[in-house]
Amino acid sequence: MNDQLLNVEMANSIAKLGLDRISRHILICADQTKPLCCDRADSLVAWDYLKSRLRELKLDAPDAPQGCIFRTKANCLRVCHHGPIVVVYPDGVWYHSASPAVIERIIQEHLLGDRIVTEYAFLVNPFDRVEV
């Protein structure tokens, strides 16, 4: 693949997904190959809820007023108990027991209200933003 084609494809992905406007990124342990932290079916229910709620609230849209909230389904976040596990970056907030009800609280309180849901947060370790 030549560099020009690569650059065009990457630019298209950036524009389509709004990668340059992401304010937060949520990763959730779901659809695990070897479920350890929770039942695989429960993790998929949580993933589907997160995905549909972000879409419903238009929080995953590149033009969202507070910045785009990106989501990723991770096979395993290596915290193998009290799942599903969710981590919100760049805030570095790790949550356990992320059922749809807990995910709704994370959306309303953390993502929209800038308040950590302390009952479910088990680690806060924010990332410093680094420009490339």
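Counting restarts for each chain: residues are numbered from 1 in the order of the written sequence. Selection of residues for local features in this predicted model requires a pLDDT of at least 70, selection of side-chain atom pairs for listing and counting requires 80 or more, and totals for whole chains, interfaces and linings are taken over all residues. The side-chain figures draw on all heavy atoms in the structure; neither hydrogens nor water molecules are used.

**Focus on the side chain of Q32**
Next, step 1: Within the secondary structure layout, Q32 lies in the loop between β1 (22-29) and α2 (40-56).
Next, step 2: Exposure remark for Q32: the relative accessible area of 4% places this residue in the buried category.
Next, step 3: At 3.0 Å, the side chain of Q32 forms a polar contact with the side chain of S43.
Next, step 4: Once residues within four sequence positions are removed from consideration, Q32 is found in contact with C37, C38, R40, S43 and N75. Numbering of helices and strands runs from the N terminus, with a helix taken as a DSSP run of H or I at least four residues long and a strand as a DSSP run of E at least two residues long. Three exposure classes are used, based on accessible area relative to the maximum for each residue type with a 1.4 Å probe and protein chains only: buried under 20%, partly exposed in between, and exposed over 50%. Think of a polar contact as two N or O atoms within 3.5 Å of one another; within protein, one of them needs to be a possible hydrogen donor and the other a possible acceptor, and neighboring residues in sequence only count if both atoms come from side chains. The contact definition used throughout considers only heavy atoms, calling two residues in contact when any of these lie within 4.5 Å.

**A short note on helix α3 (residues 100-111)**
Next, step 1: Here α3 has its buried residues at V102, I103, E104, I106, I107, E109, H110 and L111.
Next, step 2: Here the buried face of α3 lies against β1, α2, β2 (68-74), β3 (86-89) and β4 (93-95).

**What about α2?**
Next, step 1: The length a helix should cover is 1.5 Å for every residue beyond the first. Taking 1.5 Å of rise per residue, the 17 residues of α2 would be expected to cover 24 Å, and the 24 Å separating its terminal C-alpha atoms lies within 8% of that figure.
Next, step 2: If you check which residues of α2 are buried, you get S43, A46, W47, L50, R53 and L54. The arc enclosing the buried residues of α2, seen along the axis, measures out at 140°, which places them on a common side.
Next, step 3: Close packing links the buried residues of α2 with β1, β2 and α3.
Next, step 4: One side-chain oxygen of the residue at the start of α2 lies 3.0 Å from the amide nitrogen of A41, identifying that residue as D39.
Next, step 5: Looking one or two residues beyond α2, the residue adopting positive phi is K58, at roughly 60°. Note that the arc is defined by the directions from the helix axis to the C-beta atoms.

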